[in-house]
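# Architecture and fold: a report
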Amino acid sequence: MKNRIILTSSLTLSLILMVFLGIYGQHWVSETSTHQSKIQNSHMTPVIFVPGSDATVDRFDHLLSDINANGPTHSILKVKVNQNGDLIYTGKINANDRQPFIVIGFQNNEDGYNNIKKQTHWLTSALYALQDRYHFLTFSAVGHSNGGLIWTNFFEKYFDSDDFSIPILMTLGTPFNFSETSLQRRTEMLKDFIQENNKIPSHLTMYSIAGTDDYTDDGIVPIQSVIAGKYIYQKKVKSYTQITVTGDNAQHSNLPDNPEVMKLIQANIIAPLSRRDRH
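Reference entry: report on the structure contained in this document. (Residues numbered from 1 in each chain as written. Predicted model: local features only at pLDDT ≥ 70, side-chain atom pairs only at ≥ 80, totals over all residues. Heavy atoms only, no water.)

### A few points about the packing of aromatic side chains
Selection criterion: Between the rings of Phe, Tyr and Trp (Trp by its six-membered ring), a pair exists once the centres lie within 6.5 Å; its type follows the angle of the planes, with under 30 degrees stacked, over 60 edge-to-face, and the other angles tilted. Charge over a ring is defined by NZ of Lys or CZ of Arg lying within 6 Å of the ring centre and within 35 degrees of the ring normal.
Evaluation of the coordinates by the stated rule reveals 14 aromatic pairs. The structure contains a cluster of three or more aromatic residues connected by ring pairs, namely Tyr-128, Phe-136, Phe-139, Trp-151, Phe-154, Phe-155, Phe-159 and Phe-164. We note Lys-117 situated over the ring of Tyr-113; from NZ or CZ to the ring centre the distance is 4.3 Å. Lying across the ring of Tyr-231, Arg-186 places its NZ or CZ 4.6 Å from the centre.

### Structural notes on the environment of Thr-246
How we decide: Numbering of helices and strands starts at the N terminus; helices are DSSP runs of H or I of at least 4 residues and strands are runs of E of at least 2. Buried means the residue's accessible area, taken with a 1.4 Å probe over protein chains only, is under 20% of the maximum for its type, while exposed means over 50%, and partly exposed covers the values in between.
Along the polypeptide, Thr-246 turns up in the loop between β8 (239–245) and α8 (259–278). Of the residues examined, Thr-246 reaches a relative accessible area of 37% and is grouped as partly exposed.

### Let's talk about the nonpolar core
Basically, it comes down to this: Within this scheme, the nonpolar core is defined by two criteria: the residues are buried Ala, Val, Leu, Ile, Met, Phe, Trp, Tyr or Cys, and they are joined through side-chain atoms within 4.5 Å.
Grouped together as the largest cluster of nonpolar side chains are 42 residues, with contacts concentrated most on Ile-104, Leu-123, Leu-127, Phe-139, Trp-151, Phe-155 and Tyr-233. If you list the elements that add at least two residues to this core, you get β1 (47–50), β2 (76–81), β4 (101–106), α3 (113–134), α4 (146–157), α5 (188–195) and α7 (230–233). By size, the runner-up hydrophobic cluster in this structure holds 24 residues, among which are Leu-63, Met-170, Val-245 and Leu-273.

### A look at the side chain of Asn-268
Using the following cut-off: We define a polar contact as two N or O atoms separated by no more than 3.5 Å, with the added condition that, inside protein, one atom must be a possible hydrogen donor and the other a possible acceptor, whereas residues neighbouring each other in sequence contribute only through side-chain atom pairs.
Along the chain, Asn-268 turns up in helix α8. Owing to a relative accessible area of 19%, Asn-268 belongs among the buried residues under this scheme. Here Tyr-207 takes part through its side chain, which lies 3.2 Å from a polar atom of the side chain of Asn-268.

### Section: the environment of Ile-104
Keep this limit in mind: Contact between two residues is taken to exist if any of their heavy atoms lie within 4.5 Å; hydrogens are not considered.
Tracing the backbone through its elements, the reader meets Ile-104 in strand β4. It is 8.7 Å that separates the C-alpha atoms of Ile-104 and Leu-77, two residues lying 27 residues apart in sequence. Ignoring sequence-local partners within four residues, the contact set of Ile-104 consists of Ile-48, Phe-49, Val-50, Pro-51, Val-57, Val-79, Val-81, Leu-123, Ala-126, Leu-127 and Leu-130.

### Focus on the sheet that holds strand β5 (residues 140–144)
Working definition: the strands of a sheet are paired by backbone hydrogen bonds and lie parallel or antiparallel to each other. What counts is decided by this rule: For two strands to be treated as a pair, DSSP must find at least two bridges joining them. Inter-axis angles, ranging from 0 to 180 degrees, are taken between N-to-C directions of lines fitted to C-alpha atoms, where helices are fitted over the stretch in contact.
Strand order in the open sheet formed by 8 strands is β3-β2-β4-β1-β5-β6-β7-β8, and the pairing between neighbours is mixed. With one partner strand each, in any of the chains shown, β3 (87–91) and β8 form the two edges of the open sheet. The average angle at which neighbouring strand axes cross in this sheet is 15°, direction not considered. Bridge analysis of β1 against β4 gives 3 bridges, and the strand direction is parallel. In the strand pairing of β4, Val-47 is matched with Phe-101. Against the sheet, α3 makes contact with β1, β2, β3 and β4, and its axis sits at roughly 145° relative to β4, the strand it touches most. Along the sheet, α4 contacts β1, β4, β5 and β6 (168–172); its crossing angle with β5, the most-contacted strand, is approximately 135°.

### Focus: unusual backbone geometry
The phi torsion at Ser-145 lies on the positive side, around 55°, for a residue other than glycine. The buried category is assigned to Ser-145, whose relative accessible area is 8%. Even without being a glycine, Phe-178 presents a positive backbone phi close to 50°. Secondary-structure assignment places Phe-178 in the loop between β6 and α5.

### Topic: the pattern of salt bridges
The condition is simple: Any Lys or Arg side-chain nitrogen found within 4 Å of a carboxyl oxygen on Asp or Glu counts as a salt bridge.
Applying the stated rule across the entire model yields 5 salt bridges. Two residues, Asp-58 and Lys-78, come together in a salt bridge whose shortest N-O distance is 2.7 Å. You can see Asp-58 sitting in the loop between β1 and α2 (61–69) and its partner Lys-78 sitting in strand β2, a full 20 residues away along the chain. Take Asp-58: its relative accessible area is 42%, and that puts it in the partly exposed class. Salt-bridge contacts for Lys-263 lead to Glu-260; the nearest nitrogen and oxygen are separated by 3.7 Å. Of this pair, Lys-263 and Glu-260 are both found in helix α8, 3 residues apart, which corresponds to roughly one turn of the helix. Residues participating in the shared-partner salt-bridge network are Asp-58, Asp-61 and Lys-78.

In structure tokens form, the structure reads like this:
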């Protein structure tokens, strides 16, 4: 009798557990399906900006203000990623804004290859958190200086085409070979990027923008270091374009404020995404 009671209790517990798991599993599948459906049906196509070393989420303020002053207004959301992974949001994405601007910056914004690897991890976490909030699938990316290195590392280490579609990348004054002035002397980072470049999505359209005062550097980054990006992206992506801008605000730190850069972003990122959204 005692064994029968124990057996009956075990069967009852097993049945309760099976029912609980069934209900929980059905709920999880339903939530996952709803989340994926929202992402797949989303019409939001943000432009996501990443600043370089020693720069904050305010780095692109002048650029974004000028863009908004010259066309339809885009809402602006800034996300600061702390070293512990916490996200601090400033601003908001307005209802029905299909092409908002999002700036992702880091509490630890120091230079160096090891930090770039950490920042890439933080960027990835922020992207998934933003997707959970706003349910977008497609976005285009802009990176100033080391921000372009972070995007490159993201494509090679973390990008998953099942989760995101990124048709366009534009880098501004990005030192793909750090401070080296010769394409023959390749840094460890450049070698790693070249070795792993088969992971970069082939559908990507890539614009590498260099600024220069005297056609040798932009005051900080050698022009040859920017050009080194061709060894990473050329023949690996749908399109690779190298552009050099000169004149006012062509120095490294001022490059995002250069009028030609604003026009390039409007013509090659904002307009194509707008046309894609209408269709």
